[in-house]
Amino acid sequence: MNLAEEALSKLATHEAQCEERLKRLDEKIDDTRNDIDEVRKDVKSVNNTVLAIYPFILGAIVVSQWLS
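Here's a quick rundown of the structure. (Residues numbered from 1 in each chain as written. Predicted model: local features only at pLDDT ≥ 70, side-chain atom pairs only at ≥ 80, totals over all residues. Heavy atoms only, no water.)

**Brief notes about the overall build of the chain**
For step 1, the next point in the chain: A tally of regular secondary structure across the chain gives 1 helix and 0 strands.
For step 2, the next point in the chain: Its C-alpha atoms give the chain a radius of gyration of 30 Å, clearly above 11 Å, the size a compact globule of 68 residues would have.
For step 3, the next point in the chain: A burial count over the chain gives 0% of its 68 residues as buried.
For step 4, the next point in the chain: Surface accessibility of the chain: about 6,500 Å² in total, with carbon and sulfur atoms responsible for 62%.
For step 5, the next point in the chain: The averaged location of the 13 negative side-chain charges in the chain is 5 Å from the averaged location of its 9 positive side-chain charges. (Helix = DSSP H or I, 4+ residues; strand = E, 2+ residues; numbered from the N terminus. Rg over C-alpha atoms; globule rule 2.2 N^0.38 Å. Buried < 20%, exposed > 50% of the residue type's maximum accessible area, 1.4 Å probe, protein only. Areas by Shrake-Rupley, 256 points an atom, 1.4 Å probe, with all protein chains shown as cover. Lys, Arg positive; Asp, Glu negative; His and termini not counted. Charge placed at Lys NZ, Arg CZ, Asp CG, Glu CD.)

Given below as structure tokens:
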């Protein structure tokens, strides 16, 4: 093999490795994006739950004042 063919062979191997690395990075980014979306849904659910408790607290205060 002459020098040019050897260089092209190394370049092709390097290109294939880089392509595989980029594919894995894209998969990690997609997984992270999905994880962030799940956390956002969980936070929204907790936020809604906390906001739903406030009327019960206020109602308990009003009822306790009314009963005393």
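Next comes the rest of the description.
**Considerations on a negative patch on the surface**
For step 1, the next point in the chain: A cluster of like negative charges, contributed by Asp26, Glu27, Asp31, Asp35, Glu38 and Asp42, occupies part of the molecular surface.
For step 2, the next point in the chain: With respect to the helices and strands, Glu38 occurs in helix H1 (residues 3-67). (Patch = residues over 30% accessible without salt bridge, like charges linked within 9 Å, V, L, I, M, F, W, Y side chains within 5 Å. Salt bridge = Lys/Arg side-chain N within 4 Å of Asp/Glu carboxyl O.)

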